[in-house]
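Coordinates in review
Read off the chains here:
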Amino acid sequence: MRVVLGVSGASGAALALACARHLARLGARFDLVLSPMAERTLGTEVGPDALRELEAMAARRHDIRDMGATLASGSHPVAGMIVAPCSMRSLAAIAHGLDDNLLTRAAGVQLKERRPLVLLAREAPLTLAHLRNMTAATEMGAVILPPVPAFYLRPASVDEIVTQIAARAVDLLHLGPPAAAAWDGGAGASR
């Protein structure tokens, strides 16, 4: 089981770490691609050790400029890709097939190979351009998963919110049994 974890520079860097932790728990190996702004956002939002922790969980980190990496080819088998968080710039490039760096190229490969692609699109409020790009990516097969809290689960902390969103993203790759807490009709969250 191998997947791609892309991290762009949008706010919500903790989502990348939470996705990586869920993938590791499943025993899934993941290839990591980060934008330069993702590195900066990880340090700013999570702390100075965040990048090192993320890299330690990855099977391999690829340079975003390396368009000759295995991830740039559909012949390289992976189970899917998550972009967490997904900036509006990365979303636009994916939606319009720009493939201008390894992150957007790897996402484009998932689409052309009909593999799962989950985009944790992070922006608010949304412009018409953002909405149209989300529509275009969805029409090609991507799943747009804005990191919106499941308030009905009554999360007690930001960490619980981040963990639930990341679990939902990983669940959408269908690698194993669902890890995200599920709505139980109001009797209390089930895990």
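On a predicted model such as this, the values are computed, not experimentally measured, just so you know.

Concerning the nonpolar core
Membership of the largest hydrophobic core comes to 33 residues, with the highest contact counts inside it found for L5, L54, I82 and L120. For this core, the secondary-structure elements that each account for two or more residues are β1 (2-7), α1 (14-26), β2 (29-34), α2 (36-45), α3 (50-57), β4 (81-86), β5 (117-121) and α7 (158-171). Those residues within four positions of L54 in sequence are excluded, and the remaining contacts are L5, V7, A16, L17, A20, F30, L32, L34 and L42. One finds C86, L111, A121 and A142 within the second-largest nonpolar core, a separate group that totals 27 residues.

Overview of α1
A turn of α-helix holds 3.6 residues, and therefore any two residues three or four places apart point the same way. The end-to-end C-alpha distance of α1 is 19 Å, a good match for the 18 Å that 13 residues give at a rise of 1.5 Å each. Every buried residue of α1 is listed here: L15, A16, L17, A18, C19, A20, H22 and L23.

Here we look at helix α6 (residues 128-140)
Taking 1.5 Å as the rise per residue, α6 with 13 residues should run 18 Å; its terminal C-alpha atoms sit 18 Å apart, in good agreement. Within the sequence span of α6, burial applies to H130, N133, M134, A136 and A137. Each buried residue of α6 sits inside an arc of 165° when the element is viewed along its axis, so together they form one side. For α6, exposure combined with an orientation more than 90 degrees from the buried face picks out L128, R132 and E139. Where α6 is buried, its residues meet α4 (88-95), β5 and β6 (143-144). The backbone nitrogen of A129 lies 3.3 Å from a side-chain oxygen of the residue at the head of α6, namely T127. Backbone geometry just downstream of α6 places G141 in the positive-phi region, at approximately 120°.

Looking at the pairing of β1
Counting buried residues along β1, five of its six residues qualify, which places the element largely inside the surrounding structure. Strand direction decides the pairing type here: β1 and β2, joined by six bridges, are parallel. Following the sheet pairing, V4 is matched in β2 by D31. In this fold, the crossover linking β1 to β2 by way of α1 has right-handed handedness. Looking at chain direction, β1 and β4 are connected through three bridges and run parallel. Across the sheet, L5 pairs through a bridge with I82, a residue of β4.

Re the pattern of salt bridges
One pass over the full model with this rule turns up nine salt bridges. Two residues, R2 and D31, come together in a salt bridge whose shortest N-O distance is 2.4 Å. With R2 in strand β1 and D31 in strand β2, the pair connects residues that are 29 residues apart, well separated along the chain. Residue class for R2 comes out partly exposed when judged on its relative accessible area of 23%. Residue D31 is classed as buried on the basis of its relative accessible area, which comes to 1%.

Re the UniProt feature "binding site: dimethylallyl phosphate" (unreviewed entry) in the protein chain
According to UniProt, the positions carrying the feature "binding site: dimethylallyl phosphate" (unreviewed entry) are Y152 and R168. Within the fold, Y152 resides in the loop between β6 and α7. Within the secondary structure, R168 sits in helix α7. We classify R168 as partly exposed; its relative accessible area is 42%.

Points about the sheet that holds strand β3 (residues 60-62)
Read from one edge to the other, the open sheet built from six strands follows the order β3-β2-β1-β4-β5-β6, with strand pairing classed as parallel. Strands at the two margins of the open sheet, each flanked by one partner only, are β3 and β6. As judged from the three bridges shared by β2 and β3, these two strands associate in the parallel manner. What sits directly across from L32, in β3, is R61. Helix α5 (residues 102-112) rests against β1, β2, β3, β4 and β5 of the sheet, and its axis sits at about 135° to β4.

Basis of the calculations
Residues numbered from 1 in each chain as written. Predicted model: local features only at pLDDT ≥ 70, side-chain atom pairs only at ≥ 80, totals over all residues. Heavy atoms only, no water. Core = buried A, V, L, I, M, F, W, Y, C linked by side-chain atoms within 4.5 Å. Buried < 20%, exposed > 50% of the residue type's maximum accessible area, 1.4 Å probe, protein only. Helix = DSSP H or I, 4+ residues; strand = E, 2+ residues; numbered from the N terminus. Contact = heavy atoms within 4.5 Å. Expected span 1.5 Å × (residues − 1). Arc of directions from axis to C-beta. Polar contact = N/O pair within 3.5 Å; in protein donor to acceptor, adjacent residues only side chain to side chain. Pairing = 2+ DSSP bridges. Right-handed = clockwise from strand over helix to strand, strands pointing away. Salt bridge = Lys/Arg side-chain N within 4 Å of Asp/Glu carboxyl O. UniProt positions renumbered as here; feature names shortened; annotations may be inferred. Axes fitted to C-alpha atoms, helices over the stretch in contact; angles between N-to-C directions.

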